[in-house]
Amino acid sequence: RLRVDLNSQYFVNRFIKMPIFQIFSEAGVPCVLVLSFTNLETKAHVSNTCKDWASVMKDSQFWTTLDFRGCKRGPAALAQALQKPHVTAALTGVNLEFCKETVDTDLAPLSGLAYLNLNALHKVTDSGVLQAARASPSLKGLELYWHHSLASKTVADVAKACPKLE
């Protein structure tokens, strides 16, 4: 049994730069399966490696969830990702937990999500939380831990806007 850290820079430098179908074809493992286990940063590196990998990375199954947890560039990276049609077409979840610079306007482009993590985003106001909820009425999961100033009325309004919340 082989264990490989698919998010390591070694993986990207050593394997991703090889001809695309040579990597796993001999082992009978589709590269799509392997790349589905990588983090967002690795996917970005892979998609910038060559035309073949860029083409593979446009597959919408890679972009159902964007996890920017703790990312210093979270809001900017989110805005950049949302400019790509293959990302927005499949996006169902966003994690911005501990992306401390996130503000209400960063959440405005988000819509149609099933999951949203806004934990510890102290610059996001009640208005921003409610706006994000209203833009995604099918939300099943919304995380708001460490929002000390979030009003109970806002929580009630979010529950009304998103009846599928679990």
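Our subject is the structure listed above.
Predicted model only: the values in this text are computed from it and were never measured.

Enquirer: I tried to follow the overall build of the protein on my own but got confused; where do I start?
Expert: When helices and strands are counted, the protein shows 10 helices and 4 strands. Going residue by residue from the N terminus, the α and β elements of the protein occur as α-α-α-α-α-β-α-α-β-α-β-α-β-α. Here the protein holds 166 residues, and 40% of them are scored as buried. When the accessible surface of the protein is totalled, it reaches about 9,800 Å², and 54% of it is carbon and sulfur.

Enquirer: What am I meant to see in the layout of surface pockets here?
Expert: Empty space among the atoms becomes visible once a probe the size of a water molecule is rolled across them. Approximately 740 Å³ is the volume attributed to the largest pocket. Forming the walls of the largest pocket are 28 residues, and the residues nearest its centre are Leu40, Glu41, Ala44, Trp63 and Phe68. The set of elements that each furnish at least two residues to the lining of the largest pocket consists of α4 (40-47), β1 (65-67), α6 (74-81) and α7 (85-88). Considering each element in turn, the lining of the largest pocket owes the most residues, 5 residues, to α4. The residue inventory of the lining of the largest pocket, partitioned by class, reads 12 nonpolar, 10 polar and 6 charged.

Enquirer: Is there a simple way to explain the pattern of salt bridges in this structure?
Expert: Note that side chains of opposite charge can pair when their charged atoms are close. Here the structure, examined in full by the defined rule, presents 4 salt bridges. Here glutamate 97 makes a salt bridge to arginine 69, at a shortest N to O gap of 3.8 Å. Placement of glutamate 97 in the loop between β2 (93-95) and α8 (104-107) and of arginine 69 in the loop between β1 and α6 is noted, with a sequence separation of 28 residues between them. Among the residues examined, glutamate 97 registers a relative accessible area of 15% and is labelled buried. A salt bridge links lysine 123 to glutamate 101; the shortest N-O distance between them is 2.7 Å. Highlighted residues: lysine 123 in the loop between β3 (115-117) and α9 (126-135) and glutamate 101 in the loop between β2 and α8, separated in sequence by 22 residues. Residue classification places lysine 123 among the partly exposed residues on the basis of a relative accessible area of 43%.

Enquirer: Before we go on, may I ask you to explain α6 in this structure?
Expert: For an α-helix, the turn length of 3.6 residues means that residues three or four places apart are oriented alike. Among the residues making up α6, those that are buried are Gly74, Pro75, Ala77, Leu78 and Ala81. Viewed end-on, α6 has its buried residues packed into an arc of 165 degrees, placing them on one side of the element. Where α6 is buried, its residues contact β1, α7, β2 and α8.

Enquirer: What exactly am I supposed to notice about the state of the cysteines here?
Expert: What we call a disulfide is simply a covalent bond connecting the sulfur atoms of a pair of cysteines. For the structure shown, the criterion picks out 0 disulfides. The cysteine cysteine 99 is free of any disulfide, with cysteine 71 supplying the nearest cysteine sulfur at 5.7 Å. Note on cysteine 99: relative accessible area 0%, which makes it buried.

Enquirer: Sorry if this is basic, but what is going on with the environment of tryptophan 146 here?
Expert: Inspection of the secondary structure puts tryptophan 146 in the loop between β4 (141-143) and α10 (152-161). With a relative accessible area of 36%, tryptophan 146 lands in the partly exposed category. Residues tryptophan 146 and leucine 118, 28 residues apart in the sequence, show an inter-C-alpha distance of 9.0 Å. Not counting chain neighbours up to four residues away, the residues in contact with tryptophan 146 comprise Phe98, Ala120 and His122. Here tyrosine 145 takes part through its side chain, which lies 3.2 Å from a polar atom of the side chain of tryptophan 146.

Enquirer: So what exactly am I meant to see when it comes to unusual backbone geometry here?
Expert: At phenylalanine 98, a residue that is not glycine, the phi angle is positive and equals roughly 65 degrees. Mapped onto the fold, phenylalanine 98 is located in the loop between β2 and α8. Overall, the relative accessible area of 32% leaves phenylalanine 98 in the partly exposed class.

Enquirer: Quick question: what am I supposed to make of the packing of α9 against α10 here?
Expert: To characterise two packed helices, one gives the angle between the axes of the helices and the distance between these axes. Packing of α9 against α10 leaves a shortest axis separation of 9 Å and a crossing angle of 10 degrees. Between α9 and α10, the interaxial angle falls into the category roughly parallel. Contact with α9, carried on its side by Asp126, Val129, Leu130, Ala133 and Arg134, involves Thr154, Asp157, Val158 and Ala161 of α10 and no other residues of that element. Residue classes in the contact of α9 with α10 are distributed as 5 nonpolar, 1 polar and 3 charged.

Reading the values: rules and limits
Residues numbered from 1 in each chain as written. Predicted model: local features only at pLDDT ≥ 70, side-chain atom pairs only at ≥ 80, totals over all residues. Heavy atoms only, no water. Helix = DSSP H or I, 4+ residues; strand = E, 2+ residues; numbered from the N terminus. Buried < 20%, exposed > 50% of the residue type's maximum accessible area, 1.4 Å probe, protein only. Areas by Shrake-Rupley, 256 points an atom, 1.4 Å probe, with all protein chains shown as cover. 1 Å grid on protein atoms, 1.4 Å probe; cavity = no way out; pocket = protein on both sides within 12 Å on 5 of 7 lines; lining within 4 Å. Points joined across faces, edges and corners; volume = space filled by probe spheres on them. Nonpolar A, V, L, I, M, F, W, Y, C, P; charged D, E, K, R; others polar. Salt bridge = Lys/Arg side-chain N within 4 Å of Asp/Glu carboxyl O. Arc of directions from axis to C-beta. Contact = heavy atoms within 4.5 Å. Disulfide = S-S within 2.5 Å. Polar contact = N/O pair within 3.5 Å; in protein donor to acceptor, adjacent residues only side chain to side chain. Axes fitted to C-alpha atoms, helices over the stretch in contact; angles between N-to-C directions. Parallel < 35°, antiparallel > 145°, perpendicular 65-115°, else oblique.

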